[in-house]
Amino acid sequence: MNPQPIDRYAETLARETRDSVSASAAITTEKRVDILARDFPDPDGLRRLAGQIKQHTLEHLDDYLAKAVRALRDNGVVVHFAADAEEARKLILGLLSERGVRRVVKSKSMATEEIHLNDHLAAHGIDCVETDLGEFIVQIDGDTPSHIVRPIIHKNRREIARSFEAHGLGDYDDDPETITRRARIHLRSKYMESDAGITGGNFISAESGRVVLVTNEGNARFSMAPNRLHLALIGIEKIVPRDRDLAVFLNLLARSATAQQLTVYTQFINGPRASTQPSGPEEMHVVLLDNGRSRVLATDCREILRCIRCGACQNVCPVYRQASGHAYRAVYGGPVGAVLSPLLAGERFSDLADLPKASTLCGACREVCPVDIPIPDLLLRLRARAKEEGVRTPASIPMAPFATLATSPALWRTAMTASRAMNHLPTAALPVKPLREWLKLRTLPEWRGGEFRKWMKKRKQS
Ligand code: SF4
């Protein structure tokens with residue numbers, strides 16, 4: 001994971017990478033606006049409704065969790081709870097090991113990224129192959145996803161073609177269709193050789209216990225079909241109260257994430273394979289992951305748990321477009337990550353407390369969020385928390401002297417008047433080299449520190 005603060009990371013980002021991220025994010029943002037305006041008379045009303053449903057669910061999460069667990073069990077699903085990443089990893093490894101599983105196929109899941117499941121399984125001799133094309137490319141490159149929906153937004157097809165060549169998946173060919181066909185052939189054999197399928201879950205209906213999974217490649221279906229065992233790792237916030245609520249979320253998710261009317265494969269999983277079904281897992285386990293979510297629920301930033309992981313806030317964010325997802329030093333990048341990552345970090349909050357400062361507070365993330373999360377407000381709350389806890393971030397270092405000046409009127413007045421001395425300073429005597437260079441070609445207006453106060457005082461007297 002990149003260890004640098006966002007601004008420094010962004011400075012070192014290759015032009016090609018920045019262009020890939022920026023162009024792709026901009027196109028999706030435009031298409032999202034078009035499709036929502038075309039398909040719904042009041043898209044904002046729909047966003048507000050989705051936000052209210054999610055907020056209601058969060059406020060009664062204990063009830064809906066209990067209801068969802070009952071419904072899942074009635075459907076024949078074995079339900080487990082994992083308090084944190086370590087417990088989730090141990091639980092999943094245990095389930096796989098007990099059944100002698102050595103090869104796993106996995107569909108895209110941010111929850112599994114969050115607990116670093118692949119590395120853990122690999123360390124215990126279990127081969128876990130990513131089957132989403134983007135995630136597969138990330139995996140063979142030893143990289144990490146840089147976008148919630150488009151894990152390889154930071155790569156272009158030439159880089160992917162080079163990577164395929166290096167990993168024995170054919171000679172260099174950057175034709176996207178060829179790349180896709182090669183991945184498809186490679187992955188087909190992996191599905192057939194696998195012993196278990198692991199997925200995430202986009203939603204769970206508390207009413208029916210249905211687990212809803214959306215993919216555009218059908219890889220989640222393939223991961224389940226040939227296997228006896230299906231494991232789904234799902235965050236506890238993914239619950240919705242009723243089946244009918246899914247209509248609201250599925251309509252918004254597809255349009256917000258990829259500007260589609262509906263994600264190509266939308267699966268409603270009712271439990272393990274029924275006796276009348278020709279294929280599918282005989283065993284289904286759902287692991288409900290907390291990993292800091294209950295703690296977030298107890299904060300004044302709980303609205304972030306409404307998130308349905310569409311990535312629209314990442315696409316629209318001017319900071320994300322320049323810096324890319326890797327700049328955020330955590331699994332979740334962009335505005336959602338700037339809020340969620342420090343909160344999920346718990347005691348390590350201070351390590352990521354600079355993320356909420358990586359925002360212009362332009363409000364675009366709130367405008368696009370399909371569940372109406374007030375992201376700018378949450379960023380401000382987290383900035384305030386960092387201040388209260390005395391966390392010094394790289395961004396606070398240049399601000400600290402300014403804060404001392406700006407909060408002491410006497411000091412401010414003295415500084416304003418004293419700084420007039422700068423008018424008599426020869427450029428060559430300036431201590432900062434870039435400033436010296438800059439001033440060789442420019443003439444600054446005369447510094448008139450303190451004049452405004454005098455003018456204001458006079459104005460009040462007249
Ligand atoms: S915060 Fe909103 S816009 Fe961002 S990923 Fe989550 S649901 Fe999408």
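Residues numbered from 1 in each chain as written. Predicted model: local features only at pLDDT ≥ 70, side-chain atom pairs only at ≥ 80, totals over all residues. Heavy atoms only, no water.

(A) Quick peek at the environment of Ala14. Structurally, Ala14 can be placed in the loop between helix H1 (6-12) and helix H2 (15-39). Between the alpha carbons of Ala14 and Glu388 there is a distance of 36 Å; along the sequence they are 374 residues apart. (Helix = DSSP H or I, 4+ residues; strand = E, 2+ residues; numbered from the N terminus.)

(B) Seen up close, the site of the ligand. Around the ligand lies a shell formed by Cys307, Ile308, Arg309, Cys310, Gly311, Cys313, Val336, Cys369, Pro370, Val371, Ile373 and Ile375. Residues that form the shell around the ligand fall into these classes: 10 nonpolar, one polar and one charged. (Near = heavy atom within 4 Å. Nonpolar A, V, L, I, M, F, W, Y, C, P; charged D, E, K, R; others polar.)

(C) Examining the environment of His424 more closely. Here His424 lies in the loop between helix H20 (409-418) and helix H21 (433-440). Judged by relative accessible area, which is 69%, His424 ranks as exposed. (Buried < 20%, exposed > 50% of the residue type's maximum accessible area, 1.4 Å probe, protein only.)

(D) Main features of the nonpolar core. Membership of the largest hydrophobic core comes to 68 residues, with the highest contact counts inside it found for Ile6, Phe203, Phe249, Ile304, Tyr328, Val339 and Ile373. Beyond its immediate stretch of four places on either side in the chain, Val339 contacts Ile304, Ile375, Leu378, Leu379 and Leu382. By size, the runner-up hydrophobic cluster in this structure holds 23 residues, among which are Ala88, Leu93, Leu121 and Ala196. (Core = buried A, V, L, I, M, F, W, Y, C linked by side-chain atoms within 4.5 Å. Contact = heavy atoms within 4.5 Å.)

(E) Focus on the pattern of salt bridges. Across all of its chains, the model carries 28 salt bridges by this definition. Arg158 is the partner of Glu16 in a salt bridge, and the nearest nitrogen-oxygen pair spans 3.3 Å. With Glu16 in helix H2 and Arg158 in helix H9 (residues 157-166), this pair connects stretches of sequence that are 142 residues apart. Among the ionic pairs, Arg448 bridges to Glu451, the shortest N-O distance being 4.0 Å. The exposure class assigned to Arg448 is exposed, which follows from its relative accessible area of 58%. Several salt bridges share partner residues, and in doing so they unite Glu114, Glu237, Arg293 and Arg309 into one network. (Salt bridge = Lys/Arg side-chain N within 4 Å of Asp/Glu carboxyl O.)

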